[in-house]
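Close look at the chain arrangement
As a plain string of letters, each chain reads:
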Amino acid sequence: MKPALQMDNVTRRFGERVALNGLSLTLQAGEVYALLAPNGAGKTTTLNLILGFLQPDGGSIHVCGEPVAGDAARTRRSIAYLPEQVAIYPELSGLENLRYFSLLASKELDDATLRQLLSESGLRADAHDRHARNYSKGMRQKVGIAIAMAREAKLLLLDEPTSGLDPLAASELSGLLRAAAQRGVAILMATHDLYRIKEVATRVGVLHAGRIEREIDPQTTGHAALEQVYITQLAR
Ligand SMILES: Nc1ncnc2c1ncn2[C@@H]1O[C@H](COP(=O)(O)OP(=O)(O)OP(=O)(O)O)[C@@H](O)[C@H]1O
Ligand SMILES: [Mg+2]
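The residue numbering used here restarts from 1 in each chain and proceeds along that chain's sequence as written. The naming scheme follows written order: chains are lettered A onward, ligands numbered 1 onward. The model is predicted, so local features are restricted to residues of pLDDT at least 70 and side-chain atom pairs to those at 80 or more, both for listing and for counting; the totals for chains, interfaces and linings are taken over all residues. As a rule here, side-chain values come from all non-hydrogen atoms in the structure, and water together with hydrogens is ignored.

An unreviewed UniProt entry lists the protein chain under the name ABC transporter ATP-binding protein, from Massilia violaceinigra.

**So, the pattern of salt bridges**
Note the cut-off: By definition, a salt bridge exists where a carboxyl oxygen of Asp or Glu is found within 4 Å of a side-chain nitrogen of Lys or Arg. Put simply, DSSP H or I for four residues or longer makes a helix, DSSP E for two residues or longer makes a strand, and each gets a number counted from the N terminus.
Inspection of the entire model under this criterion finds eleven salt bridges. For the salt bridge of arginine 203 with glutamate 31, the shortest nitrogen-to-oxygen distance reads 3.0 Å. Note that arginine 203 is positioned in strand E9 (residues 203-208) and glutamate 31 in the loop between strand E2 (17-27) and strand E3 (32-36), a separation of 172 residues in sequence. In this structure, aspartate 129 engages arginine 115 in a salt bridge whose closest nitrogen and oxygen atoms are separated by 3.2 Å.

**With respect to the site of ligand 1**
We count it as follows: Definition of nearness: a residue and a molecule or strand are near each other if at least one heavy atom of the residue lies within 4 Å of the molecule or strand. For the purposes of these results, a polar contact is taken to be a pair of N or O atoms within 3.5 Å, where, inside protein, one atom must be able to donate a hydrogen and its partner to accept one; residues adjacent in sequence count only when each atom of the pair is a side-chain atom. All accessible-area figures derive from a Shrake-Rupley calculation using a 1.4 Å probe, and residue coverage is judged against the displayed protein chains alone.
The environment of ligand 1 is made up of 14 residues, and the closest members are Arg17, Gly40, Lys43, Thr44 and Thr45. Interatomic distance of 2.8 Å between a side-chain N/O atom of threonine 44 and an oxygen atom of ligand 1. At 3.1 Å, a side-chain N or O of glutamate 84 approaches an oxygen atom of ligand 1. Relative to its unbound accessible area of 640 Å², ligand 1 is 63% covered by the protein chains. Counting residues per element, the ones that place at least two in the shell around ligand 1 are E2 and helix H1 (43-51). If one sorts the elements of the shell around ligand 1 by residue count, H1 sits on top with three residues.

**A closer look at the packing of helix H5 (residues 137-150) against helix H6 (residues 167-182)**
Quick note on the threshold: Only C-alpha atoms enter the line fits that serve as axes; for helices the fit covers just the stretch in contact. Angles between N-to-C directions range over 0 to 180 degrees. The scheme is simple: roughly parallel for angles under 35 degrees, roughly antiparallel for over 145, roughly perpendicular for 65 to 115, oblique for anything else. The contact rule is simple, with two residues in contact once any of their heavy atoms fall within 4.5 Å. Residues are grouped as follows: Ala, Val, Leu, Ile, Met, Phe, Trp, Tyr, Cys and Pro are nonpolar; Asp, Glu, Lys and Arg are charged; every other residue, Gly included, is polar.
Where H5 contacts H6, the two axes come as close as 12 Å, and the packing angle between them is 5°. As judged from the angle between their axes, H5 and H6 are roughly parallel. Contact residues: Lys142, Ile145 and Met149 in H5; Ala169, Leu173, Leu176 and Leu177 in H6. Considered class by class, the residues forming the contact of H5 with H6 number six nonpolar, no polar and one charged.

**As for the pairing of strand E7 (residues 155-159)**
On a regular strand, one side chain projects to one face of the sheet and the next to the other, so that they alternate. This is how it is decided: Per-residue accessibility, obtained with a 1.4 Å probe over protein chains only, is compared with the maximum for each type, and a residue is labelled buried under 20%, exposed over 50%, and partly exposed between these values. In this analysis, strands are considered paired if DSSP registers two or more bridges between them.
Taking burial as the measure, the five residues of E7 include five buried ones, the bulk of the element. Every second residue of E7 is oriented toward a common face, with Leu155, Leu157 and Asp159 on one face and Leu156 and Leu158 on the other, all of them buried. Sheet topology note: the strand E6 (residues 79-82)/E7 ladder contains four bridges and is parallel. Within E7, the residue paired with isoleucine 79 across the bridge is leucine 155. For E7 and strand E8 (residues 186-191), the ladder comprises five bridges, and the chain directions are parallel. Paired with leucine 156 across the strands is isoleucine 187, a residue of E8.

Below, the structure written as structure tokens:
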């Protein structure tokens, strides 16, 4: 089977600044890959390149065997994306937002399914019909998670998904991600959340100097050791 994601030697500059410098990464169905890196290391840039919102200066990216450079609108159909800042319509309820974004992705889901998705994503039933204007950051995040899950994509990209979530919501998200991976979804998440990495990731890549400098096995590496890798890396 073709990998869900294949990045080969990807380079991207912003003016003089080299954000990515030969990043390579292959992700198979069912893998949960955590991209661990400090602020400004290029995590969001990596996700934007995969989505085709940015173009690489060098190297290539394939999603499910198709080149992103060929037709990004097409490769994006295989991708669900939870951005760092979830943008939903304040005048619509959580349910209406989910219905609207699902329709955009050509998924017409009945209300029971939409409500189930929202609840599974951690949004309590009494909030489903309230205006999103009054939602907290975590509640908006949960709607974003539901929107991403509703797409039933082969590749799921998450940018710091647990930032703003309380521990219960974060642990619920880990459960959702594990279930998605079991269904064969490949997951790439940029994160600083060492605790959730241990909970959900099957591979961890440390992004440094624009490429994946090393990989860590989260199963055999403890929290303290993971944190140590992070701190040593930051100190360089
Ligand atoms: N549109 C842009 N124009 C200029 N420079 C940019 C742009 N986007 C990113 N950069 C630069 O590229 C580098 C990587 O940024 P990126 O946003 O990918 O980091 P990040 O790992 O997501 O950081 P954070 O953890 O803070 O979200 C940074 O040095 C940033 O200044
Ligand atoms: Mg970022």
